[in-house]
Amino acid sequence: MTARREQRRPVWMDEPSAVVQLLKIVVIAVIVVVMLYPFLYVVASSFATPEAATAGGLLPTQFSLEAYRNIFAGDVVTHALLVSVGITVVGTVLSVALTVTTAYGLTRTRDVPGSRFALYLILLTMLFGAGIIPQYLLVRSLGLINSYWSLILPGLLSAFNLIVVRNFFMNIPRDILESARMDGAAEPSILGRIVLPLSKPVVAVVALFYAVGYWNNFFNAMLYLNDNAKWPIQQVLNHYVVQGVQLSTVQDVHQVAPPPQTIQMAVVVLATVPILVVYPFAQRYFTQGVLTGAIKG
């Protein structure tokens, strides 16, 4: 009897019953509805007519493009979108380049003097931060106030992303790299022709992390940008949606302006959709890139 109990499989390895399966389906369905409903409500409200927006209900039933026409009639949102796209593209390219080159250099801790000490300093930044005031004083001393570089340089390198990329590089077989060195290949050539082609998953994931960070960052814009014309889309979103400032560009006095709620929802959609479009292209690399780089090494 005792031997049979010892040989019995654990409960979590048994085939779930029909009741348990049904319960799982119900729970997952509820979670999906709870997660999707706010997003669907925002999108539907941005397309709602003034009457449907003020009528209430779970979702508006009458739709119009008036809110988007109203927004694009001015240049506030369109210019902010272009600013965010530029900051995200430039910042992501520079951050990925710096992260990849630094991570590759830190894989040579045995050959490069001081690289292990540099690695410890980078790890230390994950535990201790200077704070907002010292960072602001540093940005001001560099003359970056009211400059787009103030939105890029302070977050140019992420210690977490660097460690993930370094650990991924450490898992590349050493024999391949040593063979390339014996054939006379220089380190930049090894990095560009061997390491990077084998590291597409982790580079894609880290690039997405950086892009999302640059796109969603409004706090640095609030601190360092004094000119409203230089605001990125997230700062515009914070100003006109969170703080409730009116964003209406109706020039015809006989034209009825859309409700403020519809305008706000349209700004939220415009600030959210671009990064959602990019996400599916890198999503397939998540498991292979992040888990391999974060666990092994």
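Residue positions are given per chain, counted from 1 along the sequence in the order it is written. In keeping with the predicted nature of the model, local features appear solely for residues at pLDDT of at least 70, side-chain atom pairs appear and are counted solely at 80 or more, and the whole-chain, interface and lining totals rest on all residues. Side-chain numbers come from the whole structure's heavy atoms, not from hydrogens or water.

Examining the environment of alanine 229
Then comes step 1: Under the DSSP-based scheme used, a helix requires at least four consecutive residues in state H or I and a strand at least two consecutive residues in state E, with every element numbered from the N terminus. Considering the arrangement of structural elements, one finds alanine 229 in the loop between helix H12 (219–224) and helix H13 (233–242).
Then comes step 2: Taking the C-alpha atoms as reference, alanine 229 lies 8.0 Å from alanine 80; in sequence the two are 149 residues apart.

Some thoughts on the nonpolar core
Then comes step 1: Val77, Phe169, Val195 and Ile233 are the most contacted members of the largest nonpolar core, which totals 54 residues.
Then comes step 2: Looking at this core, the element that brings in the most residues is helix H5 (residues 76–106), giving 10 residues.
Then comes step 3: Counting residues domain by domain, this core receives three or more from each of domain 1 (15–68) and domain 2 (74–296).
Then comes step 4: Each residue touching phenylalanine 169, except ones within four places of it in the same chain, is listed here: Val100, Ala103, Tyr104, Thr107, Arg174, Val195 and Ser199. To qualify as a nonpolar core, a set must consist of buried Ala, Val, Leu, Ile, Met, Phe, Trp, Tyr and Cys residues joined through side-chain atoms within 4.5 Å. Between buried and exposed lies partly exposed: a residue is buried under 20% and exposed over 50% of the maximum accessible area for its type, with that area taken using a 1.4 Å probe on protein chains only. Domain delimitation in this document rests on an assignment produced automatically or drawn from a domain database. Residue contacts are defined here by distance: any two heavy atoms, one from each residue, within 4.5 Å place the two residues in contact.

Digging into the layout of surface pockets
A probe as big as a water molecule, rolled over the atoms, marks out the empty space that is left.
Then comes step 1: Empty space within the largest pocket amounts to approximately 520 Å³.
Then comes step 2: A cavity here means a set of 1 Å grid points, computed over protein atoms only, where a 1.4 Å probe fits but cannot escape. A pocket is an open set with protein on both sides within 12 Å along at least 5 of 7 lines, and lining residues have an atom within 4 Å of a point. Along the walls of the largest pocket sit 22 residues, with Gln135, Leu153, Pro154, Gly155 and Leu156 positioned nearest its centre.
Then comes step 3: Elements that contribute at least two residues to the lining of the largest pocket include exactly helix H7 (132–141) and helix H11 (200–216).
Then comes step 4: Across the lining of the largest pocket, the residue classes tally to 16 nonpolar, 6 polar and no charged. Grid points are joined across faces, edges and corners, and a volume is the space filled by probe spheres set on the points. Under the convention adopted here, Pro, Cys and the residues Ala, Val, Leu, Ile, Met, Phe, Trp and Tyr are nonpolar, Asp, Glu, Lys and Arg are charged, and Gly plus all remaining residues are polar.

Notes on helix H8 (residues 159–170)
Then comes step 1: By this rule the span expected of a helix is its residue count minus one, scaled by 1.5 Å. The terminal C-alpha atoms of H8 lie 16 Å apart, and with 12 residues this matches the ideal 16 Å at 1.5 Å per residue to within 8%.
Then comes step 2: H8 sits mainly inside the fold: 10 of its 12 residues count as buried.
Then comes step 3: Of the residues making up H8, those classed as buried are Ala159, Asn161, Leu162, Ile163, Val164, Val165, Arg166, Asn167, Phe168 and Phe169.

A few points about the environment of alanine 103
Then comes step 1: For alanine 103, the position within the fold is in helix H5.
Then comes step 2: Spatially, the C-alpha atoms of alanine 103 and leucine 119 are 9.2 Å apart, while their sequence positions differ by 16 residues.
Then comes step 3: With near-sequence residues (within four places) excluded, alanine 103 lies in contact with Leu162, Val165, Arg166 and Phe169.

Considering the pattern of salt bridges
Then comes step 1: Throughout this description, the term salt bridge denotes a Lys or Arg side-chain nitrogen within 4 Å of a carboxyl oxygen of Asp or Glu. Evaluated as defined, the whole model comprises 3 salt bridges.
Then comes step 2: Two residues, glutamate 178 and arginine 181, come together in a salt bridge whose shortest N-O distance is 3.1 Å. Taken together, the positions of glutamate 178 and arginine 181, both in helix H9 (residues 174–182) and 3 residues apart, correspond to about one turn of that helix.
Then comes step 3: Put simply, glutamate 187 and arginine 181 hold a salt bridge, and the shortest N to O gap is 2.8 Å.
Then comes step 4: Beyond isolated ion pairs, a larger network of salt bridges with shared partners links Glu178, Arg181 and Glu187.

Digging into unusual backbone geometry
Then comes step 1: A positive phi angle is found at asparagine 146, which is not glycine, with a value near 65°.
Then comes step 2: With respect to the helices and strands, the residue asparagine 146 is situated in the loop between H7 and H8.

Side note on the side chain of threonine 107
Then comes step 1: In this fold, threonine 107 is placed in the loop between H5 and helix H6 (115–124).
Then comes step 2: Residue classification places threonine 107 among the buried positions, given a relative accessible area of 10%.
Then comes step 3: Two N or O atoms form a polar contact when they lie within 3.5 Å of each other; inside protein one atom must be a possible hydrogen donor and the other a possible acceptor, and for residues adjacent in sequence the pair counts only when both atoms belong to side chains. Here the side chain of threonine 107 touches tyrosine 104 through a polar contact of 2.4 Å, landing on its backbone oxygen.
Then comes step 4: When neighbours within four sequence positions are excluded, threonine 107 is seen to be in contact with Arg166, Phe169 and Met170.

Topic: a nonpolar patch on the surface
Then comes step 1: On the surface, a cluster of nonpolar side chains totalling about 920 Å² of accessible area is made up of Ile28, Val32, Val33, Leu36, Tyr37, Phe39, Leu40, Leu58, Leu59 and Leu276.
Then comes step 2: If you tally residues by element for the nonpolar patch, the top one is helix H2 (residues 18–46), at 7 residues.
Then comes step 3: Assignment of secondary structure puts valine 32 in helix H2. Candidates for patches are residues over 30% relative accessible area with no salt bridge; among them, like charges are joined within 9 Å and nonpolar side chains (Val, Leu, Ile, Met, Phe, Trp, Tyr) within 5 Å. We get accessible surface area from the Shrake-Rupley algorithm with a probe of 1.4 Å; when it comes to residues, only the shown protein chains can shield them.

Comments concerning the packing of H5 against H11
The packing of two helices is summarised by the inter-axis angle and the distance between the axes.
Then comes step 1: In the contact formed by H5 and H11, the axes pass within 8 Å of each other and the chain directions differ by 140°. Judged by the inter-axis angle, H5 sits oblique to H11. You can see that H5 and H11 cross each other, and the crossing is right-handed. In this structure, H5 uses Leu81, Ser84, Val85, Ile87, Thr88, Gly91, Thr92, Ser95, Val96, Thr99 and Val100 to contact H11, whose residues at the interface are Val203, Ala207, Tyr210, Ala211, Tyr214 and Trp215.
Then comes step 2: Taken together, the residues that form the contact of H5 with H11 break down as 11 nonpolar, 6 polar and no charged. Axis angles are defined between N-to-C directions and span 0 to 180 degrees, where every axis is a line fitted to C-alpha atoms and, for a helix, only to the segment in contact. In these notes the angle categories are as follows: under 35 degrees is roughly parallel, over 145 is roughly antiparallel, 65 to 115 is roughly perpendicular, and the rest is oblique. For any helix crossing, the convention is left-handed if the near helix is rotated counterclockwise from the far helix by under a right angle, and right-handed if that rotation is clockwise.

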